[in-house]
Amino acid sequence: MNLQPQIRVLPTPGDVARFAADHLLDAAREAVALNGSFSLALSGGSTPRKLYQLLAAEPYRSSFPWADTEIFFGDERCVPPDHADSNYRLARDTLLSHVPIPTTHVHRMKGESDPVAAAREYQQLLHDRFGVGPGLDLVLLGLGEDAHTASIFPHTPAARETSSWVMGYFAEKSSTGPSWRITLTAPFINRSREVVFLICGSSKAAPLQQVLEGPCQPEHLPAQLIRPTAGKLLYLLDAAAADMDHD
Ligand code: 6PG
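Think of each chain on its own: its residues are numbered from 1, step by step along the sequence as written. Totals for whole chains, interfaces and linings use every residue, but because this is a predicted model, local features are given only for residues with pLDDT of at least 70 and side-chain atom pairs only at 80 or more, for both listing and counting. Hydrogen atoms and water are omitted, and side-chain values are computed over all heavy atoms in the structure.

Peer 1: Which parts of the structure should I look at to understand the overall build of the chain?
Peer 2: Summing up its helical and strand segments, the chain has eight helices and nine strands in all. Its C-alpha radius of gyration of 17 Å places the chain within 12% of the 18 Å reference for a compact globule of 247 residues. C-alpha atoms of the chain, sized along the principal axes, occupy 45 × 40 × 40 Å. Within the chain, the fraction of its 247 residues that count as buried is 52%. Only heavy atoms enter the contact rule, under which two residues are in contact if any of them lie within 4.5 Å. Contacts in the chain between residues far apart in sequence, at least 24 positions, make up 75% of those at least 6 positions apart. Residue burial considers only the protein chains on display, and all accessible areas are found by Shrake-Rupley using a 1.4 Å probe. If you sum the accessible surface of the chain, you get close to 10900 Å²; carbon and sulfur atoms cover 52% of it. Here Asp and Glu are counted as negative and Lys and Arg as positive; His is not counted, and neither are the chain ends. To locate a charge, the coordinates of NZ of Lys, CZ of Arg, CG of Asp or CD of Glu are taken. Considering the chain, the positive charge centre built from 21 side chains and the negative charge centre built from 28 side chains are found 3 Å apart. Secondary structure elements follow DSSP: runs of H or I no shorter than four residues count as helices, runs of E no shorter than two count as strands, and numbering proceeds from the N terminus. When we talk radius of gyration, it's over C-alpha atoms, and the globule rule is simply 2.2 Å times the number of residues to the 0.38. Working definition: with a 1.4 Å probe on protein chains only, accessible area under 20% of the residue-type maximum means buried, over 50% means exposed, and in between means partly exposed.

Peer 1: Where do I start with the site of the ligand in this structure?
Peer 2: By nearness alone, 15 residues border the ligand, and S46, T47, D75, A150 and K204 come closest of all. The contact in question runs from an oxygen atom of the ligand to an N or O atom on the side chain of R77, over 2.8 Å. A distance of 2.6 Å separates an oxygen atom of the ligand from a polar side-chain atom of K204. A total of 420 Å² of accessible area belongs to the ligand in isolation, and the protein chains cover 90% of it. When atoms are counted within 2 Å of each cavity's grid points, the one that captures over half of the ligand is the largest pocket. In the shell around the ligand, the residues fall into two nonpolar, nine polar and four charged. By convention in this text, a residue qualifies as near a molecule or strand provided that one of its non-hydrogen atoms is within 4 Å of it. Two N or O atoms count as a polar contact when they lie within 3.5 Å, although within protein this holds only if one can serve as hydrogen donor and the other as acceptor, and sequence-adjacent residues are included solely when both atoms are side-chain atoms. Cavity: a set of points on a 1 Å grid over the protein atoms alone where a 1.4 Å probe fits but cannot get out. Pocket: an open set with protein on both sides within 12 Å along at least five of seven lines, its lining residues, like those of a cavity, having an atom within 4 Å of a point. Here the criterion for a molecule occupying a pocket or cavity is that more than half of its atoms lie within 2 Å of the pocket grid points. Throughout, the ten residues Ala, Val, Leu, Ile, Met, Phe, Trp, Tyr, Cys and Pro are labelled nonpolar, Asp, Glu, Lys and Arg are labelled charged, and all others, Gly among them, are labelled polar.

Peer 1: Help me understand helix α1 (residues 13-35), please; the structure alone is not making it clear to me.
Peer 2: One turn of the α-helix equals 3.6 residues, which is why residues spaced by three or four share an orientation. Helix span is expected to be 1.5 Å times the residue number reduced by one. Taking 1.5 Å per residue, 23 residues should reach 33 Å; α1 reaches 32 Å between its end C-alpha atoms and fits that length. Among the residues of α1, G14, V16, A17, A20, A21, H23, L24, L25, A27, A28 and A31 are the ones counted as buried. After α1 finishes, the residue G36 shows a positive phi value of roughly 85 degrees.

Peer 1: Any chance you could explain empty space enclosed by the protein here in plain terms?
Peer 2: Any space left empty among the atoms is revealed by the rolling of a water-sized probe across them. Grid points are joined across faces, edges and corners, and a volume is the space filled by probe spheres set on the points. Under the defined criterion, the tally for this structure stands at one cavity of 30 Å³ or more. By volume, the largest cavity is sized at about 40 Å³. Taken together, P13, V16, A17, T47, P48, K50, L51, L198 and C200 make up the full set of residues lining the largest cavity. Those elements that provide at least two residues to the lining of the largest cavity are α1 and α2 (49-55). Element by element, the count of residues in the lining of the largest cavity is highest for α1, at three residues. Partitioned by chemical class, the residues of the lining of the largest cavity number seven nonpolar, one polar and one charged.

Peer 1: It is not clear to me how helix α5 (residues 115-130) should be interpreted in this structure. Could you clarify?
Peer 2: Between the first and last C-alpha of α5 there are 22 Å, a value that for 16 residues agrees with the 22 Å anticipated at 1.5 Å per step. The set of residues buried in α5 consists of P115, A118, A119, Y122, Q123, L126 and F130. Within α5, the buried residues cover an arc of 135 degrees as seen down the axis, which keeps them to one side. Seen from the buried face of α5, the exposed residues on the opposite side, beyond 90 degrees, are R120 and D128. On the buried face of α5, the contacting elements are β2 (38-42), β3 (69-73), β6 (166-174), β7 (177-184) and α7 (186-189). Directions from the helix axis toward the C-beta atoms define the arc.

Peer 1: What is the right way to read the layout of surface pockets from this model?
Peer 2: Here the largest pocket is characterised by a volume of approximately 430 Å³. When contributions to the lining of the largest pocket are tallied by element, the ones reaching two or more residues are β4 (75-77) and β5 (138-141). Considering only residue class, the lining of the largest pocket consists of six nonpolar, 11 polar and six charged. Considering only enclosed or pocket space, the second largest pocket measures out at about 230 Å³ in volume. Along the walls of the second largest pocket sit 13 residues, with A27, E30, R193, E194 and K232 positioned nearest its centre. Considering only residue class, the lining of the second largest pocket consists of five nonpolar, two polar and six charged.

Peer 1: Honestly, the pattern of salt bridges in this entry has me stumped. Any pointers?
Peer 2: If the charged atoms of two oppositely charged side chains come close together, the side chains can form a pair. A pair is scored as a salt bridge if a Lys or Arg side-chain nitrogen falls within 4 Å of a carboxyl oxygen belonging to Asp or Glu. Summed over the entire model, instances satisfying the criterion amount to 10 salt bridges. Here E70 and R129 are joined by a salt bridge, their closest N and O atoms 2.8 Å apart. With a gap of 59 residues between them, E70 in strand β3 and R129 in helix α5 connect regions that are remote in the sequence. Note on R129: relative accessible area 32%, which makes it partly exposed. In this structure, the salt-bridge partner of R92 is D93, at a minimum N-O distance of 2.8 Å. Under the relative-accessibility criterion, R92 is labelled partly exposed at 22%. The class for D93 is partly exposed, based on a relative accessible area of 35%. What emerges from the salt-bridge pattern is a single network uniting D82, R89, R92 and D93.

Laid out in structure tokens, this is it:
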């Protein structure tokens, strides 16, 4: 049974980041109280940078349950971890190297390895951790101008996948041009207890409107694939992405 998506519109990207930081803190505290741990998948791209920088600073640096948090990734570009395009590098430089999270709690997708082998290894990790019961506690996602999310791009094998949890494949038209990618798939993301989209900027208004209000065509609009089976779905938007600034 899919719950209805929640939509929260905040005035600016900074407001979105602050709301998201508080929301993540609440979710983490609740998960740790219930299950003793909080599993979080980070998204890539540029939008989450403000959120990661907030979480790396006070009061979140001291109040977030980092010792009980496990970090996963929604997707990765197939580049070394120090490459400018690496989603891991973004998270490491803006957040992970600034907070007291055990290094063994950070589960990097190995962008430097063979994509198919790295995807298989990551899928085994997820099966070992989440094979029974729900998936991740919370997955952060972004939205591309082509309505992709994670590295699930339109009209690709990832957009058609119905069983694997992780895929390594060559995307002809990715957000960084033709590139190999590793990505969580919709079947796994939809096992999460909660999925939160962070979407900011006027360039996202049109694809977002198609995803939320257009016809159901998930292979063309992969973000439409994200419908948690039993979990919550929250869209955090700034006014520009929500197209609220048009009179
Ligand atoms: C990636 C991201 C991708 C991103 C969107 C939005 O690896 O490219 O995971 O899904 O979230 O492309 O990116 P921006 O936040 O930069 O607009």
